[in-house]
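Summary of structural features
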Amino acid sequence: MDYKINIEKTKDWIKSNKEPLIISGPCSAETEEQVLSTAKAISKIPNVKIFRAGIWKPRTRPDSFEGVGSKGLLWLKKVKEQTGLLTTVEVATPKHIEECLKNNVDILWLGARTVVNPFSVQEISLALKGVDIPVMIKNPVNPDIKLWIGAIERINHAGIKKIIAIHRGFYSFEKTQFRNPPMWEIPIELKRLIPGIPVICDPSHICGNKELLLSVSQKALDLEMDGLMIESHINPDKALTDANQQIKPEKLNDLLSKLIIRKKKSPSSKHNILENLRDEIFKTDVELINIISKRLEFVKEIGEYKHKNNITILQLKQWHNVIKTRLEIGKEKNLDKDFLLKLLQVIHEESVRKQIEIMEKKK
Ligand code: PEP
Ligand code: MN
């Protein structure tokens with residue numbers, strides 16, 4: 001599938017942006033004093049370019065703090081004037097957009113709960129027609145890459161080219177160490193499908209706590225994410241939303257200084273170590289593909305034999321035996337059990353599919 005999405009590079013619209021792009025600020029704007037003191041402290045941290053604050057908050061239950069509403073936009077105006085930081089706010093309705101544009105918010109963002117709903121995204125897209133403002137688009141709550149891409153397409157079709165995608169993890173029914181476990185393969189696939197799209201990571205909503213922020217941030221950068229959005233608050237213990245995951249500006253400074261920024265490109269020389277190793281990996285992959293193809297030839301013969309002798313395709317006992325024996329070999333080779341099991345399942349799935357094809361053709 002070819003997605004026709006036209007995106008501008010962030011360095012073309014964020015002045016003197018050095019990678020990674022760092023966005024920080026409170027989960028919610030609560031008081032003028034909290035917003036301004038957080039912003040002033042953050043503005044002293046090198047590399048923080050954008051100040052975030054939720055004005056309208058999507059809360060799971062009613063009667064929780066739902067944000068201060070439009071008056072918070074006046075505080076953000078002061079942030080711009082007093083610190084020079086760019087400002088960004090979550091919008092979920094055309095009315096929110098109108099208010100943000102009236103108050104010169106620099107960048108809008110769509111939250112995970114909005115991106116799941118194509119009706120909402122479509123209404124937002126209509127409200128953005130003819131407006132030149134950057135929009136950041138979080139992944140939807142559920143790990144559905146097409147829904148994420150659909151939202152990006154809808155915003156892009158409104159004429160918005162300044163787009164950033166944000167990986168904020170996905171809801172999981174299972175209890176994990178994360179609030180919203182990351183699924184790195186999804187933002188990586190997004191980058192593959194939409195070449196040139198900047199993707200940043202929101203470790204705060206992934207972690208749901210302060211302790212894992214550094215390791216998730218480092219992992220995001222190591223996976224070529226283009227920036228980070230980290231929640232910070234002048235007094236996190238007193239925060240009205242997401243108190244567990246917000247950090248003080250000085251902690252943010254500390255975290256950023258611990259990050260290792262690795263080079264995105266390997267040295268250009270043809271004969272460097274990395275290139276040689278990549279050649280070896282290529283040769284190994286060719287062998288792997290040949291072996292898989294050889295395996296499938298045997299599968300074909302087995303399929304034909306089963307058809308001739310009226311034997312079922314799946315024999316659970318044999319499948320158990322395959323898993324058991326192969327995992328034992330894998331253990332000797334120090335292969336991760338879950339990885340090998342997944343690999344065997346994918347191979348087996350293809351083997352079953354091929355045999356069904358044979359049975360059906362010969363019906
Ligand atoms: C937020 O950024 O404060 C927020 C509500 O995030 P998400 O949409 O990722 O849940
Ligand atoms: Mn939050």
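Cut-offs used in this document
Residues numbered from 1 in each chain as written. Chains lettered and ligands numbered in written order. Predicted model: local features only at pLDDT ≥ 70, side-chain atom pairs only at ≥ 80, totals over all residues. Heavy atoms only, no water. Helix = DSSP H or I, 4+ residues; strand = E, 2+ residues; numbered from the N terminus. Buried < 20%, exposed > 50% of the residue type's maximum accessible area, 1.4 Å probe, protein only. Contact = heavy atoms within 4.5 Å. Core = buried A, V, L, I, M, F, W, Y, C linked by side-chain atoms within 4.5 Å. Axes fitted to C-alpha atoms, helices over the stretch in contact; angles between N-to-C directions. Parallel < 35°, antiparallel > 145°, perpendicular 65-115°, else oblique. Left-handed = near helix turned anticlockwise from the far one by under 90°. Nonpolar A, V, L, I, M, F, W, Y, C, P; charged D, E, K, R; others polar. Donors = N, O, S within 2.8 Å, 3.2 Å for Na, K, Ca; no water. Domains from an automatic or database assignment. Near = heavy atom within 4 Å. Polar contact = N/O pair within 3.5 Å; in protein donor to acceptor, adjacent residues only side chain to side chain. Areas by Shrake-Rupley, 256 points an atom, 1.4 Å probe, with all protein chains shown as cover. Pairing = 2+ DSSP bridges. Expected span 1.5 Å × (residues − 1). Arc of directions from axis to C-beta.

**What to know about the overall build of the chain**
Assigned secondary structure in the chain consists of 13 helices and eight strands. Principal axes of the C-alpha set define a box for the chain whose edges measure 80 × 45 × 40 Å. The proportion of buried residues among the 363 residues of the chain is 44%. Contacts spanning at least 24 positions in sequence make up 73% of the contacts within the chain whose residues lie at least 6 apart.

**Focus: the nonpolar core**
Formed by 69 residues in total, the largest nonpolar core has its most connected members in Leu128, Ile137, Ile152 and Ile155. The greatest single-element share of this core, amounting to six residues, is contributed by helix α6 (residues 145-157). If sequence neighbours within four positions are ignored, Ile137 has contacts with Leu110, Val115, Trp148, Ala151, Ile152, Ile155, Ile163, Ile164, Ala165 and Ile166.

**What to know about unusual backbone geometry**
Here the bond from Glu19 into Pro20 is cis, since omega is -5°, no more than 30 degrees from zero. In this fold, Pro20 is placed in the segment before β1 (21-25). Although it is not a glycine, Glu224 sits at a positive phi angle of roughly 70°. Among the secondary structure elements, Glu224 is positioned in the loop between α9 (213-222) and β8 (227-231). Classification of Glu224 by relative accessible area gives partly exposed; the value is 37%. Of note in the backbone geometry, Asp242 takes a positive phi value of approximately 45° without being a glycine. Mapped onto the elements of the fold, Asp242 is located in the loop between β8 and α10 (249-258).

**Regarding the packing of helix α12 (residues 316-332) against helix α13 (residues 337-361)**
Where α12 meets α13, the axes come as close as 10 Å, and the angle between the chain directions of the two elements is 140°. Taken as axis vectors, α12 and α13 run oblique relative to one another. For the element pair α12 and α13, the recorded crossing hand is right-handed. Contacts between α12 and α13 involve Trp319, Ile323, Arg326, Leu327 and Gly330 on the former and, on the latter, Lys337, Leu340, Leu341, Leu344, Gln345 and His348. For the contact of α12 with α13, the residue count by class is six nonpolar, three polar and two charged.

**Let's talk about the coordination of the manganese ion (ligand 2)**
Taken together, Cys27 (SG), His205 (NE2), Glu231 (OE) and Asp242 (OD) make up the full set of protein donors to the manganese ion (ligand 2), lying 2.1 to 2.4 Å away. All donors of the manganese ion (ligand 2) come from a single chain, and their spacing in sequence reads C-x177-H-x25-E-x10-D. Note that Cys27 is positioned in the loop between β1 and α1 (32-43) and Asp242 in the loop between β8 and α10, a separation of 215 residues in sequence. The exposure class of Cys27 is buried, given its relative accessible area of 2%.

**Points about the domain arrangement of the chain**
For the chain, the assigned domains read domain 1 (10-258) and domain 2 (273-361). For domain 1 versus domain 2, the separation of C-alpha centres amounts to 43 Å.

**Focus: the side chain of Ser125**
Here Ser125 is to be found in helix α5 (residues 118-128). Those residues in contact with Ser125 that sit more than four places away from it in its chain are Arg154, Ile155 and Ala158.

**Section: the site of ligand 1**
Surrounding ligand 1, one finds Cys27, Arg52, Lys57, Glu90, Trp109, Gly111, Ala112, Arg113, Lys138, Arg168, His205 and Glu231. Contact distances for ligand 1 include 2.9 Å between an oxygen atom and a side-chain N or O atom of Lys57. For ligand 1, an oxygen atom lies 3.3 Å from a polar atom in the side chain of Glu231. The fraction of the free accessible surface of ligand 1 (300 Å²) that becomes covered by protein chains is 97%. Tallied by class, the residues present in the shell around ligand 1 amount to three nonpolar, two polar and seven charged.

**Observations regarding the environment of Ile206**
You can see Ile206 is positioned in helix α8 (residues 203-207). Apart from the residues within four sequence positions on either side, Ile206 is in contact with His167, Arg168, Gly169, Phe178, Arg179, Asn180, Pro182, Cys201 and Val216.

**What to know about the sheet that holds β1**
If you trace the eight strands once around the closed barrel, you get β1-β2-β3-β4-β5-β6-β7-β8, paired in parallel fashion. Taking the axes of each pair of neighbouring strands and ignoring which way they run, one obtains an average angle of 30° across the sheet. Pairing of strand β2 (residues 48-52) with strand β3 (residues 86-90), which is carried by three bridges, proceeds in the parallel orientation. Note that in β3 the partner of Ile50 across the bridge is Leu86. Most of the contacts of α9 go to β8, to which it runs at about 160°, and overall it touches β7 (199-201) and β8.

**Things to note about α12**
Between its first and last C-alpha atoms α12 spans 25 Å; for 17 residues at 1.5 Å apiece the expected length is 24 Å, and the two agree. For α12, the full list of buried residues reads Trp319, Val322, Ile323, Leu327 and Gly330. Seen end-on, α12 carries its buried residues on one side only, within an arc spanning 115°. Exposed residues on α12 whose side chains face more than 90 degrees from its buried face are Lys317, His320, Lys324 and Glu332. Residues of α12 that are buried in the fold lie against α13. Just past α12, the residue Asn334 takes up positive phi, approximately 60°.

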